[in-house]
Structures are given as structure tokens and as C-alpha cells.
Amino acid sequence: MNIEQLTQYRQEAHHHLTQELLPFWEKRCVDRENGGFITHFDKDGNDTGEDEKSLIAQTRSIYTFSSVHRAGYGEGQFANMARHGVDFLLNKMWDPEHGGFYWLMDRRGNVKIDEKIVYGHSFAIYSLSEYTLATGDPRGLEYAQKVFDLLQKYAVDTYYGGYFEMFQRDWTLKGPGSAGGDRKTLDAHMHLMEAFTTLYECSGQEVHRRKLLEVIQLLTTRIMHPDYGTGIPQFWADWRVAPQIKFDIVWGWDRFTEDGTKSAAEDNTSYGHNVEFAWLLMHALDILGIPHEDFRTQLLQSFNHAVEYGIDWEYGGVFVEGSHAGEVYDREKEFWQQAEVLIGLLDAYRVYEDERFLEAYHAVHRFVFDHVIDHQVGEWKPLLTRQGEPIWTHMSHSWKINYHSVRAMVQSIVRLDKLVEKERMSKFV
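Residues numbered from 1 in each chain as written. Predicted model: local features only at pLDDT ≥ 70, side-chain atom pairs only at ≥ 80, totals over all residues. Heavy atoms only, no water.

S.K.: I keep staring at the pattern of salt bridges and nothing clicks. Help me out?
M.R.: A side chain of one charge can pair with a side chain of the opposite charge if their charged atoms are brought near each other. Enumeration according to the criterion identifies 32 salt bridges in this entry. As a salt-bridge pair, Asp87 and Arg139 come within 2.9 Å of each other at their nearest N and O atoms. Placement of the pair is Asp87 in helix H3 (residues 77-93) and Arg139 in helix H5 (residues 138-155), with a sequence separation of 52 residues. Judged by its relative accessible area of 24%, Arg139 falls in the partly exposed class. Of the charged contacts in the structure, one is a salt bridge between Arg169 and Glu97, with a shortest N-O distance of 3.4 Å. Residue Arg169 is found in the loop between strand S5 (166-167) and strand S6 (183-185), and its partner Glu97 is found in the loop between H3 and strand S2 (104-105); the two are separated by 72 residues along the sequence. (Salt bridge = Lys/Arg side-chain N within 4 Å of Asp/Glu carboxyl O. Helix = DSSP H or I, 4+ residues; strand = E, 2+ residues; numbered from the N terminus. Buried < 20%, exposed > 50% of the residue type's maximum accessible area, 1.4 Å probe, protein only.)

Following this line, the structure appears as C-alpha cells:
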């Protein structure tokens, strides 16, 4: 790959980030009347009026604005936006009686769902740690540590390992089935790895390092498929594979059948999750000071499976999911898988120097910039057909926010800069 092509990718990413994506959020998401962020916008970027503020959307927005400030964008306004979000999170969403954050509020900050969901708390740790790293405000780390301590007290399964995920307001474990109290998921544990990485980067505390290493061990030995190295979505408490079902409090996947099940419920893996897991693991190893080579087999399995089966070499982009052995089940294109695969494939190419990874990156990059991004409005379309025709058209709601799209651009630019510099330096060797 020549420098000119890498530079073009970088220019497209930088233009989209600074001229389209960040302006979309900067001009419309701050709720100056009630605090926090407005997070529901239609296909034209208009506020839909949805009367909710979710823990997941508020924390992800805090992460987004903190991370772009930390990356050097915005001359301070994104730090101010992050601070505005932290004020709402701590003053309105924190439960002063039992600790932890409520799952859902209305726009004014009244509680709608008071349950404690570990998935949401992983993003509280992640965003608040990033906020302190970006701004120096000690409140972020203070509350990130409080949440971490609550998870160790209430959510850890001291018998089988890992974390239970669904709790009542007082941290009583919820019931079985769709309530989710008898299940453990790849999704929550992967995001705990992500959260503990940034918490340890911020705090430097040995206990945070130990718990990060523990969740990495769990992910690589229990949650990833023993033969294919691909992610298994759901487990029973004792780590037997469980059929994937829809929870009452649902995230990520909202295309189940009416009875809450899905096809191929016991043999499905997400190409986006596998690549996201791989690059997040690489980042965690960097923060821990551990060589990538120690996890070479796992990392290459994650990347190679996605490239072999998940990349659409005809139309571009990455498919939603398929079997562990390779058969593709869902050929639609969802925004977040594209975002995470952009970052991961650049990491894979940078570390392993296999041109196939860069060819796959090109296929996803072009699909994103030619089909997924609504350049006139500024954000990404949520779901498209294989060929790139929109299926869902909203720009944002509680599950589709700025976290994946903005992070993909910020992190892609970082990696493209490293690749360009690497190519330049190779000319002088």
C-alpha cells in the first residue's frame, strides 16, 4: 500500500470527523434546559421528542466528547460538553441510597427504570475514567472507582467466575430467562475489559490491573470458541453455552422473533464483536505492557475469521453475523460492526503486515463512506441492505449514538498516521 492511498483514507476520515460528524453532535445534543444530552434524532437530524435519557446513551456521549478532547479536537468545547454530561450523570442518575446508576430517566431526570445493569455500568467506568484522563476533573475517577467497587461487591460470581449482569435497584440479582439473572454475555464482559483498561490507565492501581487481567483470561479461555476463537454471545452462570435470547433490558440486538428467540441461537457469532474484541484486547495489552505476541493465536483467529467470512468482497462492508464454522447468516450491514472493523483491521495490518487486512479495510472503508454515512446530515445510517440501501433511517436513539462512529474516526486517524509514518520511514531503510 502506498502513502498516497493511506493519506487519502486519513483525509476522508478527518474531513468526516471534523466537518460532518462532530458538528452534528455539537449543535444539537446538549440539553441546556434539563442537563445531560438529547440523543434521539430522525433521519434528518431533528429531535424526535422521545422522553428518555438512558444510562448507555448518556455515558457513551460523555466518553465521546471526553475522547475527542483528549485526542486534540475542539479547542475545549468538547471538554465543556463532557462536563455538562457528567454533571447530569452524577446529580440525576446516581442512586444515593444503593449506589450505582439508574438505567433510564425521562428528559427532566426523573427515574423511569431503576434497575442496575452491568452493561451500562461498564460504560460508566469507561466514560468517567476517560473524562478524568481528558480533563483532570477528579470526579470522573472517583465515581468510576465507586462503580468498580460495587461490581466487585455485588456482581462478581465468586464460584464460577465472571460477572452476573442484571440486578434490581438494591443490587438483588434478577430472575432467570428474559430477566437475565441466570445469564452471562460476551458483550458485557468485553466492555468490562474495555472499561477496566481505561480505569487502570487512569488510576494505576494494582487492583484494577488484576481485575483487567482476570477478565482478559476469562474472555480468552471461556467466552471465545475453543476451536475457532470466535465470540459466543450468551452463557449460563456455569459457562455452559446458552441459546441467545432477548432480555427484558435489551442492548445491541433488537431483531429477534416475537417470542424473544432467534434463528441459530446456539451457533452464531458477530464479525463486528470479534474484531472489536481483538483491537480492544490489543489496546489493553498495550496499557498493561504485555506483548501482543502472547495472544497471537487468539488475535489472528479473530481477525482472520472476520476477513474470511465476514467481509463482503462484492459489495463492501462487513456482514452482521454467521456460524462459528463460517456460514453467513445475516448479510445486512449494521453501522456499529462497520465502525469497529475499521479500527481493528488497521491494527491487524499495522501489527501483522498482511496485505489481506488492508484489502479488507478498503472494502469496509469504501462501503462506510459511500453508503453508511449520510454526508448531508452528518451521522451514520443504522442499518442497510447488503447492497447499501437504507433499512432503518434514524440518526440516533438510545442504542445508536455517537460512540461507535466518532470513535471509529478518531482511532482510525491515529492508526493511519502511524501507518503513513511507518511507510515514510521504510523509504529511508
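Let's pick the thread back up.
S.K.: What's the story with the sheet that holds strand S9 (residues 321-322) in this structure? I'm lost.
M.R.: To summarise the sheet geometry, strands pair through backbone hydrogen bonds and adopt either a parallel or an antiparallel arrangement. Pairing within the open sheet is antiparallel, and its three strands lie in the order S8-S9-S10. Looking at the sheet topology across the chains shown, the edges are occupied by strand S8 (269-270) and strand S10 (328-330). Sheet analysis places S8 next to S9, joined by two bridges and oriented antiparallel. Bridge pairing in S9 links Thr269 to Gly322. (Pairing = 2+ DSSP bridges.)

S.K.: Sorry if this is basic, but what is going on with the nonpolar core here?
M.R.: With 139 residues, the main nonpolar core has Phe101, Met193 and Trp380 as its most contacted residues. Setting aside anything within four residues of it in sequence, one finds Met193 in contact with Leu212, Val215, Ile216, Leu219, Phe277, Leu280, Leu281 and Ala284. (Core = buried A, V, L, I, M, F, W, Y, C linked by side-chain atoms within 4.5 Å. Contact = heavy atoms within 4.5 Å.)

S.K.: Is there a simple way to explain the sheet that holds strand S13 (residues 390-392) in this structure?
M.R.: Strand order across the open sheet formed by three strands is S11-S12-S13, with antiparallel pairing between neighbours. Only two strands of the sheet have a single neighbouring strand rather than two, namely strand S11 (333-334) and S13. The pairing of strand S12 (residues 383-384) with S13 spans two bridges and is antiparallel. Of the residues in S13, the one forming a bridge with Leu384 is Pro390.

S.K.: Got a minute to help me understand the environment of Ile232 in this structure?
M.R.: Note that Ile232 resides in the loop between helix H7 (206-223) and strand S7 (234-236). In the structure, Ile232 is positioned 162 residues away from Arg70 in sequence and 33 Å away in space, judged by C-alpha atoms. Those residues in contact with Ile232, other than ones at most four positions away along the chain, are Leu186, Ile223, Met224, His225, Val241 and His324.

S.K.: Any chance you could explain the side chain of Glu379 here in plain terms?
M.R.: Structurally, Glu379 can be placed in the loop between helix H11 (355-372) and S12. Not counting chain neighbours up to four residues away, the residues in contact with Glu379 comprise Leu21, Phe24, Trp25, Val372, Ile373, Asp374, Met395, Lys400, Ile401, Asn402 and Ser405.

S.K.: What is the right way to look at the packing of aromatic side chains in this model?
M.R.: Each aromatic ring pair is described using two quantities: the centre-to-centre distance and the angle formed by the ring planes. Tallied over the full model, the rule gives 21 aromatic pairs. With centroids separated by 5.8 Å and ring planes inclined at 75 degrees, the aromatic side chains of Trp25 and Phe41 adopt a geometry described as edge-to-face. In this pair, Trp25 is assigned in helix H1 (residues 3-26) and Phe41 in the loop between H1 and strand S1 (53-54), connecting sequence segments 16 residues apart. By relative accessible area, which is 1% here, Trp25 ends up buried. When the ring of Tyr63 is compared with that of Tyr403, the centres are 6.1 Å apart and the planes differ by 75 degrees; the resulting orientation is edge-to-face. Linking Tyr63 in helix H2 (residues 55-70) with Tyr403 in helix H12 (residues 402-426), this pair joins segments that are 340 residues apart in sequence. Relative accessible area serves as the criterion here: at 5%, Tyr63 is assigned to the buried category. On the accessibility criterion, Tyr403 (0% relative accessible area) is buried. By the ring-pair criterion, three or more aromatic residues cluster together here, those being Tyr63, Tyr119, Phe123, Tyr126 and Tyr403. When the ring centre of Phe123 is taken as origin, the NZ or CZ atom of Arg60, which lies over that ring, is 4.4 Å away. (Phe/Tyr/Trp six-rings, centres within 6.5 Å; stacked < 30°, edge-to-face > 60°. Lys NZ or Arg CZ within 6 Å of the ring centre and 35° of its normal.)

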